[in-house]
Amino acid sequence: HTSKHLARTETDKTVMGSLSPALQGELAWRLNRGWMRRVWFLQDCEVPFMVQLALSLEARVYAPGESITNSTLCIIHRGVVLYGGRVLTAGRVWGEDILLQSQHLRCKWIAKAMNHVELFLISREELLELAALYPVTFASMRRRQVKLALRRDIIQRAKMHLGLTDDEFLIDSGSSFLSNKRSGRHRSSVLGMTASNMAAAASNMAMASASVALASA
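Below is a summary of the structure that appears in this document. Everything quoted here is computed from the prediction, not taken from an experiment.

## Considering helix H5 (residues 135-162)
Taking 1.5 Å of rise per residue, 28 residues should cover 40 Å, and H5 covers 41 Å from first to last C-alpha, within 8% of that figure. Among the residues of H5, Thr-137, Ser-140, Met-141, Gln-145, Val-146, Leu-148, Ala-149, Asp-153, Ile-155, Ala-158 and Lys-159 are the ones counted as buried. In the stretch just after H5, Gly-163 is the one whose phi turns positive, near 75°.

See below:
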């Protein structure tokens, strides 16, 4: 598994490197559009950046039962991964919050390989160094980085206010904020607030935490 995945990756990079810039862009999009569409902070990125990102991905293989690093952006090429109680298959992505510098704002879940898993991954440092070469892309990613930092900081402060522990977490379901516990899912009068109402109620909290979140982004 390991040698085949690594060899195939190197072959793809060699072929792409021999093409013209226009063909590189077309090939990179065709090969990677599935997972690129799932990464929210890549939506407004420049095509040359996307090509270089595809060329910068590192191939890696994990054995069944092995824990997978949560410090990189990970794309499943082949295999099944258990992550945050969800089963992820080929084309799925996790680790998008590597945009955040502050560790305490990142997701703490650890992924586990359910069978032989072939991944493509890139570290935060490599991603940002590459993005810095493309001003439009870097500005777009920076805006999304700040929004995510503020969002995560508000959620963490809401947890503290509600007395939730580290093994409990808030989920923005789109219509309401819910609290999940190991003992089951419950909705209180506070947690049943709509997202817009909770955002309004947390506005003072957001203003107080903005400087902290921006410094931590």
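There is more to say, and it comes next.
## Some words on the sheet that holds strand S8 (residues 117-123)
Here we have four strands laid out as an open sheet, ordered S1-S8-S3-S6, and antiparallel in their pairing. Each edge of the sheet is formed by a strand with only one pairing partner; in this case those strands are strand S1 (58-62) and strand S6 (93-94). Both S1 and S8 contribute to a ladder of five bridges, which runs antiparallel. Bridge assignment links Ala-59 to a residue of S8, and that residue is Phe-120.

## Regarding the nonpolar core
The tendency in soluble globular proteins is for nonpolar side chains to be buried as a group. Ranked by size, the top nonpolar core spans 26 residues in total, and within it Trp-35, Leu-42, Phe-49, Leu-53 and Leu-127 carry the most contacts. Of all the secondary-structure elements, those providing two or more residues to this core are helix H2 (21-36), helix H3 (47-56), strand S3 (72-78), S8 and helix H4 (124-131). Per-element accounting of this core gives the leading share, five residues, to H3. Leaving out residues up to four positions away in the same chain, Leu-53 has contacts with Trp-35, Met-36, Leu-42, Ile-122, Leu-127 and Leu-130. The next biggest cluster of nonpolar side chains, apart from the first, holds 13 residues, and it includes Ile-68, Leu-88, Val-117 and Leu-121.

## A word on the sheet that holds strand S5 (residues 86-88)
One open sheet holds the four strands; their spatial order is S2-S7-S4-S5, and the pairing between them is antiparallel. Looking at strand neighbours, the two that pair on one side only are strand S2 (67-68) and S5, the edges of this open sheet.

## Description of the pattern of salt bridges
Within this structure, the stated rule accounts for five salt bridges. The closest approach of N and O atoms between Arg-60 and Glu-58, which form a salt bridge, is 2.8 Å. What makes Arg-60 partly exposed here is its relative accessible area of 29%. Across the pair Arg-78 and Glu-118 runs a salt bridge whose closest N-O atoms are separated by 2.9 Å. Of this pair, Arg-78 sits in strand S3 while Glu-118 sits in strand S8, placing them 40 residues apart in sequence. By relative accessible area, Arg-78 is classed as partly exposed at 43%.

Calculation notes
Residues numbered from 1 in each chain as written. Predicted model: local features only at pLDDT ≥ 70, side-chain atom pairs only at ≥ 80, totals over all residues. Heavy atoms only, no water. Helix = DSSP H or I, 4+ residues; strand = E, 2+ residues; numbered from the N terminus. Expected span 1.5 Å × (residues − 1). Buried < 20%, exposed > 50% of the residue type's maximum accessible area, 1.4 Å probe, protein only. Pairing = 2+ DSSP bridges. Core = buried A, V, L, I, M, F, W, Y, C linked by side-chain atoms within 4.5 Å. Contact = heavy atoms within 4.5 Å. Salt bridge = Lys/Arg side-chain N within 4 Å of Asp/Glu carboxyl O.

Geometric values such as these leave the question of function open.
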